[in-house]
Structure formats: C-alpha cells, structure tokens
Amino acid sequence: MSIEQIRVSEIFGPTIQGEGALIGQPTVFVRTGGCDYRCSWCDTLHAVDSAHRDEWCPMTPEAILMQVEILSGGNPLTVSLSGGNPAIQPLGGLIELGRKEGYRFALETQGSLAKDWFADLDVLTLSPKPPSSGMTTDWQRLAECVEAAGPETQTVLKVVVFDEADYAFARDVSDRYPHLSCFLQPGNHTPPAAADKDATIDMAGIMERMRWLVDRVTSDRWYAATVLPQLHTMIWGNLRGV
C-alpha cells in the first residue's frame, strides 16, 4: 500500500450529492486541496487558492477512510472525491482500501490529467470548463481521461452553462462523445469567496438561467441532454460542508 499522503481540504457528510449523475444520493465528500485550473466562477476557492494551503491537511488513505467510516456509521455508501482537481492527488490507494470495505467511489474532474486508477472508480464525471471559465480545454488530455476510465467505470460528461457560448461548447463536447451521458448545469454567478462559509447567493438569477437552459435545450431538440440544477445550492445556498 502506498504511503503517499493526500492533501485534504475537508471531509463531510453524509449529505446528498447535489449534481450530475448521482444527484440526490447519500454521499460522504472528500474534498482535496489544489487545482491546476483557476476558473473565473469557481465556487470552491478554499480548496483551490494556494493562499489556503495551510488549511489543507496531509492524510494517509487509512486516515481518510477511518474518517469516512465514522461519518457513515460504518455503513458503506458513495464517497465523492472532489476538489479543486482531485486527479492531482494520489487517490488510488484510498479507492482500493474503500472498495474492499464496500464503499463506492465517484470523482469529478475537468479532464486535464488522466490517472490509471480512474478504472477503479464507480463513476467518473468529466466536467470540461466552458469559455466563461476563462480556461481552455486540452481535447487530447480529455480523451486520455475517457480512455483511462475504461469500460467498467461509468463515465459521464457535465458542463456548467452560463450563456450561449457555453451552450455551444457543451454541444461540441457531447458531439465528441455521443456514447457518454451529458449533464448540463446552470452556473452560479454568485460563488462564495474562499473565506466566506455562507456567502449570499442570487437564487432568483440562477433559476432564471435554469429556465433559459431548459428552454434552449428543448427548442434545440437536444433530447439526449439532461438538465439539472445544483440541488445543494437550491437547499443550502453557498453554505459549505453540506
């Protein structure tokens, strides 16, 4: 077993998965620290901004799994590996340990780094960042992530949409991978500051964007797309740890 440590921003739950393919499912979250992107509308800056690295705790896979087991009451459920970008962390050992105890593992990443342990995940969500993020997708690296996951992992796409340019980007991503389910999510234009654990949120504005996105998809007859809100945002706003 590797003794490599994982930088952890926070571990919390059980709560529900708020977005994507597993929306609504009971989940414990392991949020890692560090990211190779800096999206303009990032809503987890406390796990991205290096100014907060002193808050990230180096932990062994064994220590993380112990905390997950305490939170879950020893009843295996889905563990969501998030960030930042969790793909920059050595998570293979944690996944191996947890699966032996009956836990399922889901991970979301922008698809900038492929790891061989993607094939050990139950669900891999690839969320390439649209133009509004200010980031540029490396299509070759995204393809390497799809390939690394292999046939046993459920791989899905998820794109955050703020405007027409983002919508066109989402169509492009989906056209490149027509065999993968594609989830669309309206963007939160009022993300919390890194130090603000309960920032205000423009819920009315987010829901207006949600209605626009639904209308856009249906009028375009893009029937293969699944449009979902951030459920945790609707329930708790920008509150952390839920």
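Residues numbered from 1 in each chain as written. Predicted model: local features only at pLDDT ≥ 70, side-chain atom pairs only at ≥ 80, totals over all residues. Heavy atoms only, no water.

A. Geometry of the packing of aromatic side chains. Evaluation of the coordinates by the stated rule reveals five aromatic pairs. Summarising the aromatic geometry, the rings of Tyr167 and Trp222 are spaced 5.8 Å apart at their centres and angled 75 degrees between planes, so their arrangement reads as edge-to-face. Of this pair, Tyr167 sits in helix H4 (residues 164-176) while Trp222 is found in the loop between helix H5 (203-219) and strand E9 (225-227), placing the two residues 55 residues apart along the sequence. Both residues of the pair, Tyr167 and Trp222, belong to the buried class. Taking NZ or CZ as reference, Arg171 lies 4.6 Å from the ring centre of Trp222, over its face. Positioned above the aromatic ring of Trp139, the side-chain terminus of Arg176 is 3.7 Å from the ring centre. (Phe/Tyr/Trp six-rings, centres within 6.5 Å; stacked < 30°, edge-to-face > 60°. Helix = DSSP H or I, 4+ residues; strand = E, 2+ residues; numbered from the N terminus. Buried < 20%, exposed > 50% of the residue type's maximum accessible area, 1.4 Å probe, protein only. Lys NZ or Arg CZ within 6 Å of the ring centre and 35° of its normal.)

B. Examining a nonpolar patch on the surface more closely. A cluster of nonpolar side chains, Met234, Ile235, Trp236 and Leu239, forms an exposed patch at the surface whose accessible area comes to about 340 Å². If you trace the backbone, Trp236 turns up in helix H6 (residues 231-236). Classification of Trp236 as partly exposed rests on a relative accessible area of 32%. (Patch = residues over 30% accessible without salt bridge, like charges linked within 9 Å, V, L, I, M, F, W, Y side chains within 5 Å. Areas by Shrake-Rupley, 256 points an atom, 1.4 Å probe, with all protein chains shown as cover. Salt bridge = Lys/Arg side-chain N within 4 Å of Asp/Glu carboxyl O.)

C. Region of the structure containing the pairing of strand E6 (residues 123-126). Side chains Val123 and Thr125 project from E6 onto one buried face, and the interleaved Leu124 and Leu126 project onto a second face that is buried too. In terms of strand pairing, strand E5 (residues 104-109) meets E6 through four bridges, oriented parallel. Across the sheet, Ala106 pairs through a bridge with Val123, a residue of E6. Sheet topology note: the E6/strand E7 (residues 154-161) ladder contains four bridges and is parallel. Its bridge partner lying in E7, Val123 is registered against Gln154. (Pairing = 2+ DSSP bridges.)

D. View of the pairing of E7. Counted residue by residue, E7 has seven buried out of eight residues, so it is predominantly covered. For the crossover from E6 across helix H3 (residues 139-149) to E7, the handedness is right-handed. This β-α-β element, E7 to H4 to strand E8 (residues 182-186), shows right-handed connectivity. (Right-handed = clockwise from strand over helix to strand, strands pointing away.)

E. Summary view of H5. Taking 1.5 Å of rise per residue, 17 residues should cover 24 Å, and H5 covers 24 Å from first to last C-alpha, within 8% of that figure. Restricting attention to buried positions, one finds in H5 the residues Gly205, Ile206, Arg209, Met210, Leu213 and Val217. The buried residues of H5 occupy an angular sector of 145 degrees when projected down its axis, which confines them to one face. Residues of H5 that are exposed and point over 90 degrees away from its buried face: Ala204, Glu208 and Arg211. As for H5, its buried residues are in contact with E7, H4, E8, E9 and H6. Backbone geometry just after H5 places Arg221 at a positive phi near 55 degrees. (Expected span 1.5 Å × (residues − 1). Arc of directions from axis to C-beta. Contact = heavy atoms within 4.5 Å.)

F. Structural context of the sheet that holds strand E4 (residues 78-82). Read across the open sheet, the nine strands follow the order E3-E1-E2-E4-E5-E6-E7-E8-E9; overall the sheet is mixed. The open sheet terminates on both sides in strands that have one partner only, identified here as strand E3 (57-59) and E9. Looking at each pair of strands side by side, their axes are set apart by 30 degrees on average, direction ignored. By the bridge criterion, five bridges tie strand E2 (residues 26-32) to E4 in an arrangement that is parallel. Bridge pairing in E4 places Arg31 opposite Ser82. Where helix H1 (residues 61-72) meets the sheet, it contacts strand E1 (6-16), E2, E3 and E4, and its direction lies at approximately 15 degrees from that of E1. Sheet strands touched by H4: E7 and E8. Its angle to E7, the strand with the most contacts, is close to 165 degrees. (Axes fitted to C-alpha atoms, helices over the stretch in contact; angles between N-to-C directions.)

By themselves these figures say nothing about function.
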